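So you can see what is in the structure, the chains are spelled out below.
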Amino acid sequence: MEAGALIIIFALLVLFAFLGLGAWAAVKAVGAAKRGVDRTITQARRTVEDTALKAKSLGQVGVPGTLAQLRLDLRTSMRATQQALYQGVQTDASLKESIGLFERLSAHGHELDDELKRLEQEPDRARIAGMMPDLKERTAKITQASDSLRWAARDRARRFAEDDLSALSAQIDVESGALRDWSRETVDDLAAAAEAWDAQQPPSGGAGRATQPPSGRPGHTPPQPAALNPTPPPVRHPWQKTPRPEATT
């Protein structure tokens with residue numbers, strides 16, 4: 001009875017664990033989908049707004065066209081710098097400080113963009129015209145600072161790429177020289193090994209026997225070495241007859 005209760009409790013725990021894991025996965029999926037939808041909506045809204053600003057800057061004159069051009073310049077510069085910094089920090093961690101400065105600059109950029117957007121709806125055009133020099137100066141300061149950060153990050157990435165290419169080229173030159181030296185040394189080693197092998201081989205033929213010094217008494221012929229497998233003398237049995245010499249006429 002106790003064993004059955006333990007099995008039931010264990011099965012319920014496993015079931016609850018699977019249910020909790022499934023719920024957590026569902027929440028994560030919903031959150032990711034919501035973020036993706038929000039990102040898509042934000043990009044679409046931004047694209048529509050930029051298109052409208054381009055149309056206003058080209059189709060309207062005076063204060064409305066100037067305000068639209070200021071907003072367009074500000075948004076284009078800030079967006080390009082943001083993309084350059086956040087892509088560059090993936091390979092260069094030193095850009096984190098630059099991102100911190102850009103985020104502080106972005107606060108001023110958003111404040112100015114909101115102000116320009118409100119002024120587009122302002123009916124008092126004369127008052128806006130009086131504010132235009134200050135608005136242009138603020139926009140120029142923010143865009144110049146943004147452009148400075150962006151080009152500095154790009155110059156840094158290009159310099160790193162050039163340094164890496166130069167180091168790689170130098171390594172390739174060294175490796176190519178080493179490969180060529182290795183080939184020549186191998187040929188020389190083979191030739192030297194062949195000469196050493198020839199020198200170690202014993203002389204063969206009559207020349208070798210001619211150079212051997214005589215041993216023993218003068219006129220004494222040294223015994224020839226026995227063959228490796230000499231033919232044994234024939235064995236005679238008692239029942240064999242003695243061969244007769246052939247008669248000669």
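The rules behind the values
- Residues numbered from 1 in each chain as written.
- Predicted model: local features only at pLDDT ≥ 70, side-chain atom pairs only at ≥ 80, totals over all residues.
- Heavy atoms only, no water.
- Helix = DSSP H or I, 4+ residues; strand = E, 2+ residues; numbered from the N terminus.
- Buried < 20%, exposed > 50% of the residue type's maximum accessible area, 1.4 Å probe, protein only.
- Contact = heavy atoms within 4.5 Å.
- Areas by Shrake-Rupley, 256 points an atom, 1.4 Å probe, with all protein chains shown as cover.
- Polar contact = N/O pair within 3.5 Å; in protein donor to acceptor, adjacent residues only side chain to side chain.
- Core = buried A, V, L, I, M, F, W, Y, C linked by side-chain atoms within 4.5 Å.
- Axes fitted to C-alpha atoms, helices over the stretch in contact; angles between N-to-C directions.
- Parallel < 35°, antiparallel > 145°, perpendicular 65-115°, else oblique.
- Left-handed = near helix turned anticlockwise from the far one by under 90°.

## Overview of the overall build of the chain
Move 1: If you tally the helices and strands in the chain, you get five helices and zero strands.
Move 2: Order of helices (α) and strands (β) in the chain, N terminus to C terminus: α-α-α-α-α.
Move 3: When burial is assessed residue by residue, the chain has 18% of its 249 residues classed as buried.
Move 4: Long-range contacts, defined as pairs at least 24 residues apart, comprise 65% of the intrachain contacts of the chain with a sequence gap of at least 6.
Move 5: Approximately 20,000 Å² of the chain is accessible, and the part contributed by carbon and sulfur atoms is 61%.

## Here we look at the side chain of threonine 139
Move 1: By secondary structure assignment, the location of threonine 139 is in helix H4 (residues 125–200).
Move 2: Threonine 139 sits in the buried class, given a relative accessible area of 4%.
Move 3: A distance of 2.8 Å separates a polar atom in the side chain of threonine 139 from the backbone oxygen of leucine 135.
Move 4: Beyond its immediate stretch of four places on either side in the chain, threonine 139 contacts Leu70, Leu74, Leu112 and Leu116.

## Structural notes on the nonpolar core
Move 1: Among the nonpolar cores identified, the biggest contains 20 residues, and Leu67, Met132 and Leu135 are the most heavily contacted of them.
Move 2: Those elements giving two or more residues to this core turn out to be helix H2 (63–88), helix H3 (96–119) and H4.
Move 3: Not counting residues within four places of it along the chain, the set of residues in contact with leucine 67 comprises Leu116, Leu119, Glu120, Ile128, Met132 and Leu135.

## Section: the packing of H2 against H3
Between two packed helices, the angle of one axis relative to the other and the distance separating the axes together describe the packing.
Move 1: As a packed pair, H2 and H3 sit with axes 10 Å apart at the nearest point and diverge in direction by 160°. In terms of orientation, H2 lies roughly antiparallel with respect to H3. Classified by chirality, the crossing of H3 by H2 is left-handed. Seen from H2, the contacting residues are Leu67, Leu70, Arg71, Leu74, Arg75, Met78, Thr81, Gln82, Leu85 and Tyr86; seen from H3, they are Ser98, Ile99, Phe102, Glu103, Leu105, Ser106, Gly109, Leu112, Asp113, Leu116, Lys117 and Leu119.

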